[in-house]
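Spelled out from the first residue to the last, the chains are:
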Amino acid sequence: MRSVLILSCLGAAFSLSAARADDGWLNQRVYLKVNARPKLQNRAFAWNDITVPAKITQVNGDWLWVGSAWVRSSEVVKEADGVTYYNKVMRESPDNLTALLYRGVSFRMKRDFANAIKDFTEVIRLDPSSASAYAERAATYDHLHQYDKSVADLNQAIRLTPDVAVFYNNRGCSTRGLGTYARAKADFDEAIRLDPKMAIAYSNRGVNWMLQEEYDRAMADYNKALAIDPTMVYAYDGRGYVWSKRGHYQEALHDWDESIRLAPDEPGGYHNKARLYATCMSLGHRDGKLALENAKQACELDHWENWQYVSSLAAAYAELGQFDKAIEWQKKAIAMDIQPELSDEKNQTERLQAYESGRAFSDPEIPEEAEETGP
């Protein structure tokens, strides 16, 4: 199996029938079947152009748009059925490494990380030249916060295919997880050099600046990401955070609302709103009910695995005066924190002490509201 499979566009011109509103495909996330032949007009298609599972954003008759290509509905399988489909392919064709690779992705999306790593490792054993397998295993290690292993796998992917921008972007994220911001920036810079229209690389570089409290540079990168792709959810989340750091709450809430509108199944926007409503220094913008509603939504979408979301849930209970629940959930958040070197332990301890004293918490990270708007 080649690491990057290039398919020529078979029949560059093809007609699309009118979209049907009742076919149920719009906004579904899907995997490509192993016999899929995505089509583009006037250029070749690379499988690495699609991030799987891919979200269908347009439907034209029997054709589905999966981010960078058109595929027929008969050539995809819905996300929930991914493991079942690839199991069937593997039973019929045990040597099909594409199915094995995609089954690993399907396992990861179901949060079955052990089986995902097992599948990617088997692909690498059978085909040591598979940069995609290294990259997908790296993404799994990143989910597990095993950033050193993720970086090692992405080093291999880049060695095998040094001109794939997304590999540098992903290594930048894992390197950032290790707290080495200069190295992370170098990777984001390289991703952007290779692909100047790569919105996610600008957004991730914005996060890198934000973690170093370089807010003007972060804002510039988020704006660039959104200029390239106005649907970039993570850029709205990050830019909203920068607005909140500047005390521009209305701009922050607008960005987070846009994030939620674009991706209602992503937890980031909900958490950011919960944090602001529960802990901002401007008491006039505190709203315990809205904080609790958004914090619960974030926790549920993230399967109650993110300690920061749980900490905001505790803050919401405190804002409502329900200090027993605030103490309970804050203790859980502290116990869940698997990256103490990246968390503000003093901040988390102070939250717990406040709740035990019968006080809500005001986060100095979210300052008083500014009088003027603008970057």
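Presented here is an overview of the structure given in this document.

Rules used throughout
- Residues numbered from 1 in each chain as written.
- Predicted model: local features only at pLDDT ≥ 70, side-chain atom pairs only at ≥ 80, totals over all residues.
- Heavy atoms only, no water.
- Helix = DSSP H or I, 4+ residues; strand = E, 2+ residues; numbered from the N terminus.
- Buried < 20%, exposed > 50% of the residue type's maximum accessible area, 1.4 Å probe, protein only.
- Areas by Shrake-Rupley, 256 points an atom, 1.4 Å probe, with all protein chains shown as cover.
- Polar contact = N/O pair within 3.5 Å; in protein donor to acceptor, adjacent residues only side chain to side chain.
- Contact = heavy atoms within 4.5 Å.
- Pairing = 2+ DSSP bridges.
- Axes fitted to C-alpha atoms, helices over the stretch in contact; angles between N-to-C directions.
- Parallel < 35°, antiparallel > 145°, perpendicular 65-115°, else oblique.
- Left-handed = near helix turned anticlockwise from the far one by under 90°.
- Nonpolar A, V, L, I, M, F, W, Y, C, P; charged D, E, K, R; others polar.
- Salt bridge = Lys/Arg side-chain N within 4 Å of Asp/Glu carboxyl O.
- Phe/Tyr/Trp six-rings, centres within 6.5 Å; stacked < 30°, edge-to-face > 60°.
- Lys NZ or Arg CZ within 6 Å of the ring centre and 35° of its normal.
- Expected span 1.5 Å × (residues − 1).
- Arc of directions from axis to C-beta.

1. Section: the overall build of the chain
Part 1 of the argument: Along its length, the chain carries 16 helices and 8 strands.
Part 2 of the argument: Taken over 375 residues, the chain has a buried fraction of 52%.
Part 3 of the argument: Per element, the accessible surface of the chain, about 17,800 Å² overall, is 49% carbon and sulfur.

2. Considerations on the side chain of Asp 363
Part 1 of the argument: Note on placement: Asp 363 falls in the segment after α16 (345-356).
Part 2 of the argument: Assessed through its relative accessible area of 1%, Asp 363 is described here as buried.
Part 3 of the argument: There is a polar contact of 3.2 Å between the side chain of Asp 363 and the side chain of Arg 351.
Part 4 of the argument: In this view, Asp 363 contacts Arg 275, Thr 279, Met 281, Asn 347 and Arg 351; residues no more than four positions away in its chain are not counted.

3. Overview of the sheet that holds strand β8 (residues 76-78)
Part 1 of the argument: Strand order across the open sheet formed by 3 strands is β4-β2-β8, with antiparallel pairing between neighbours. Of all the strands in the sheet, just β4 (54-55) and β8 have a single pairing partner and so form its edges.
Part 2 of the argument: Two strands pair when backbone bridges link them, and strand β2 (residues 29-32) and β8 are joined in this way by 3 bridges, in the antiparallel orientation. Residue Val 30 lies in a different strand from β8, and its bridge partner there is Lys 78.

4. Quick word on the packing of helix α15 (residues 323-336) against α16
Part 1 of the argument: The interhelical angle for the contact between α15 and α16, taken along N-to-C directions, is 160 degrees, at an axis separation of 9 Å. Our classification of the angle between α15 and α16 gives roughly antiparallel. The handedness of the crossing between α15 and α16 is left-handed. Residue-level contacts link Phe 323, Ala 326, Ile 327, Gln 330, Lys 331 and Ile 334 of α15 to Gln 348, Arg 351, Leu 352, Tyr 355 and Glu 356 of α16.
Part 2 of the argument: Residues that form the contact of α15 with α16 fall into these classes: 6 nonpolar, 2 polar and 3 charged.

5. Remarks on the pattern of salt bridges
Part 1 of the argument: Scanning all chains against the criterion turns up 21 salt bridges.
Part 2 of the argument: With a shortest N-O distance of 2.9 Å, Arg 108 and Glu 136 are connected by a salt bridge. One end of the pair, Arg 108, is in helix α2 (residues 97-109); the other, Glu 136, is in helix α4 (residues 131-143), with 28 residues separating them in the sequence. Considered together, Arg 108 and Glu 136 belong to a single accessibility category, that of buried residues.
Part 3 of the argument: Residue Asp 216 is joined to Arg 246 by a salt bridge in which the shortest nitrogen-to-oxygen separation is 2.4 Å. Taken together, the residues Asp 216 in helix α9 (residues 215-228) and Arg 246 in the loop between α10 (233-245) and α11 (249-262) connect sequence positions 30 residues apart.
Part 4 of the argument: In this structure, a network of salt bridges that share partners links the residues Lys 185, Asp 189, Arg 205 and Asp 221.

6. Quick word on the packing of helix α12 (residues 268-279) against helix α14 (residues 307-319)
Part 1 of the argument: Two elements in contact, α12 and α14, have axes whose closest approach is 9 Å; the angle formed by their N-to-C orientations is 35 degrees. Helix-helix and strand crossings are classified by hand; for α12 and α14 the assignment is left-handed. Across the interface between the two elements, Gly 268, His 271, Arg 275, Tyr 277, Ala 278 and Thr 279 from α12 touch Gln 308, Tyr 309, Ser 312, Ala 315, Ala 316 and Glu 319 from α14.

7. Quick word on the packing of aromatic side chains
Part 1 of the argument: Using the criterion set out here, one finds 5 aromatic pairs in the structure.
Part 2 of the argument: Ring pairs connect the aromatic residues Tyr 31, Tyr 85, Tyr 86 and Tyr 102, which therefore count as one cluster.
Part 3 of the argument: Here the guanidinium or amino end of Lys 78 rests over the ring plane of Trp 25, the centre of that ring lying 5.1 Å away.
Part 4 of the argument: Lys 332 extends its terminal NZ or CZ atom over the ring of Trp 329, reaching a point 4.0 Å from the ring centre.

8. Concerning the pairing of β2
Part 1 of the argument: Bridge count for β2 against β4 is 2 bridges, and the pairing is antiparallel. Bridging across to β4, Val 30 finds its partner in Ala 54.

9. Re α9
Part 1 of the argument: Relative to the 20 Å expected for 14 residues at 1.5 Å per residue, α9 spans 20 Å between its end C-alpha atoms, a close match to the ideal helical length.
Part 2 of the argument: Residues of α9 that are buried: Tyr 215, Ala 218, Met 219, Asp 221, Tyr 222, Ala 225 and Leu 226. Taken down its axis, α9 places every buried residue within 165 degrees of arc, on the same side. Set apart from the buried face of α9 by more than 90 degrees, the exposed residues are Asp 216 and Ala 227.
Part 3 of the argument: Taken together, the buried residues of α9 touch α8 (199-211) and α10.

10. Describing the sheet that holds strand β7 (residues 70-72)
Part 1 of the argument: Spatially, 3 strands are ordered β5-β6-β7 in an open sheet, and the strand pairing comes out antiparallel. One side of each edge strand has no neighbouring strand; the edge strands of this open sheet are β5 (58-60) and β7. Adjacent strand axes in the sheet meet at a mean angle of 30 degrees, parallel and antiparallel pairs treated alike.
Part 2 of the argument: Bridging between strand β6 (residues 63-65) and β7 involves 3 bridges; their strand directions are antiparallel. From the neighbouring strand, Leu 64 faces β7, where its bridge partner is Val 71.

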